[in-house]
Amino acid sequence: MRTEEYLVKTLTELGMTVTAVESCTGGLVAAAITSVPGSSLVLKQSYVTYCDDAKHRMVGVRKRTLKRHTAVSGETAAEMASGGARKAKADCCLSVTGYAGPDSGMGEPVGLVYIGCFVQGRTTVKECHFSGSREEVRMQARDTALRMLKKRLTAEKPSKVS
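Not measured: the values here are computed from a predicted model. (Residues numbered from 1 in each chain as written. Predicted model: local features only at pLDDT ≥ 70, side-chain atom pairs only at ≥ 80, totals over all residues. Heavy atoms only, no water.)

Asker: Just checking my understanding: could you explain the overall build of the protein chain for this structure?
Answerer: For the protein chain, the count of helices and strands is 6 helices and 5 strands. Listed by position from the N terminus, the elements making up the protein chain come as α-β-α-β-α-α-α-β-β-β-α. C-alpha atoms of the protein chain, sized along the principal axes, occupy 45 × 30 × 25 Å. When each of the 162 residues of the protein chain is scored for burial, the buried share is 52%. Partitioning the intrachain contacts of the protein chain with sequence separation of at least 6 by distance along the chain shows that 65% fall at a separation of at least 24. (Helix = DSSP H or I, 4+ residues; strand = E, 2+ residues; numbered from the N terminus. Buried < 20%, exposed > 50% of the residue type's maximum accessible area, 1.4 Å probe, protein only. Contact = heavy atoms within 4.5 Å.)

As structure tokens, then:
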């Protein structure tokens, strides 16, 4: 079973919802989830926040966080995940922010990606260093984000929402 199929099945069984806040993946996480029949039961909306202003305006990433840590940071990924869950009223949220290439424009390494995973009030963040083409970095980020949520749902066994 593909990871996104597992997520839709498990979230449906638990009566939980998910959203995504994506930057460098540009909607790939949401697209993977919505490729599964029945995904409309668990994903009601998603956000592509490609610029700093969108991160702030759409999901509430603080301007201070963006200025102090930049858009590509663990702090920003955490605020994207918790803010996205809050805005969408979702139980879970995946966030992705990073440099997919061909260059970062910031002197940072291409392939540096931060992924946030919010589940029922708790956010974890993973720093990743992917390699390959722009598209390969984006696909690796998508797959890692989906696996993070699967791991959290499996390990934490969240309680069913009434």
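Now that the structure has been shown, the text picks up again.
Asker: Help me out: how do you make sense of the state of the cysteines in this one?
Answerer: Disulfide: a covalent bond formed between the sulfur atoms of two cysteine residues. Inspection of every chain in the model, using the stated rule, returns 0 disulfides. For C51, which is in no disulfide, the shortest distance to another cysteine sulfur is to C24 and amounts to 14 Å. The thiol sulfur of C93 is not disulfide-bonded, and the nearest other cysteine sulfur, from C117, lies at 8.6 Å. A relative accessible area of 1% means that C93 is categorised as buried. (Disulfide = S-S within 2.5 Å.)

Asker: Sorry if this is basic, but what is going on with the sheet that holds strand β4 (residues 112-119) here?
Answerer: The strands making up a sheet associate through backbone hydrogen bonding, with each pair oriented either parallel or antiparallel. Taken together, 5 strands build an open sheet; the order of strands is β2-β1-β3-β4-β5 and the sheet is mixed. Only two strands of the sheet have a single neighbouring strand rather than two, namely β2 (47-48) and β5 (122-129). Sheet topology places β4 next to β5; 8 bridges connect them, and they run antiparallel. Residue pairing in the sheet places F118 in a bridge with T123 of β5. Packed onto the sheet, helix α5 (residues 74-88) meets β1 (18-22), β2, β3 (92-98), β4 and β5 and runs at close to 145 degrees relative to β3. Here helix α6 (residues 134-156) sits on the sheet and contacts β1, β3, β4 and β5; the angle it forms with β4, its principal contact strand, is near 30 degrees. (Pairing = 2+ DSSP bridges. Axes fitted to C-alpha atoms, helices over the stretch in contact; angles between N-to-C directions.)

Asker: Could you clarify how one ought to interpret the layout of surface pockets in this entry?
Answerer: Any empty space left between the atoms is revealed when a probe the size of a water molecule rolls over them. Taken as a whole, the largest pocket encloses approximately 200 Å³ of empty space. If you go around the largest pocket, you meet 16 residues; those closest to its centre are S23, C24, Y50, G98 and Y99. For the lining of the largest pocket, the elements supplying multiple residues, two or more each, are α3 (52-59) and β3. (1 Å grid on protein atoms, 1.4 Å probe; cavity = no way out; pocket = protein on both sides within 12 Å on 5 of 7 lines; lining within 4 Å. Points joined across faces, edges and corners; volume = space filled by probe spheres on them.)

Asker: Explain the packing of aromatic side chains to me, please; I cannot follow it from the model alone.
Answerer: Aromatic ring pairs are defined here through the distance separating the ring centres and the angle between the ring planes. Using the criterion set out here, one finds 0 aromatic pairs in the structure. Over the aromatic face of Y6 sits the side chain of K150, whose NZ or CZ is 4.9 Å from the ring centroid. (Phe/Tyr/Trp six-rings, centres within 6.5 Å; stacked < 30°, edge-to-face > 60°. Lys NZ or Arg CZ within 6 Å of the ring centre and 35° of its normal.)

Asker: What exactly am I supposed to notice about the nonpolar core here?
Answerer: Side chains of nonpolar character tend, in soluble globular proteins, to be buried together. In this structure, V18, V29, C92, V96, V113, L149 and L153 are the most contacted members of the largest nonpolar core, which totals 32 residues. Listing elements by their share of this core, those giving two or more residues are α1 (3-14), β1, α2 (28-34), β3, β4 and α6. With 7 residues, α6 is the largest single contributor of residues to this core. In this structure, L153 is in contact with L7, T10, L11, M16, C92, V119 and P158, ignoring residues within four places of it in sequence. V59, A71, A85 and C93 belong to the second-largest nonpolar core, a separate cluster that totals 13 residues. (Core = buried A, V, L, I, M, F, W, Y, C linked by side-chain atoms within 4.5 Å.)

Asker: In this structure, what is going on with unusual backbone geometry? I would like to understand it.
Answerer: A negative phi holds for most residues other than glycine; trans holds for most peptide bonds. With an omega dihedral of 15 degrees, the bond running from G101 to P102 counts as a cis peptide bond. Inspection of the secondary structure puts P102 in the loop between β3 and β4. Unusually for a residue other than glycine, T70 sits at a positive phi of about 75 degrees. Structurally, T70 can be placed in the loop between α4 (63-69) and α5. Within the chain, K89 stands out as a residue other than glycine whose phi angle is a positive 55 degrees.

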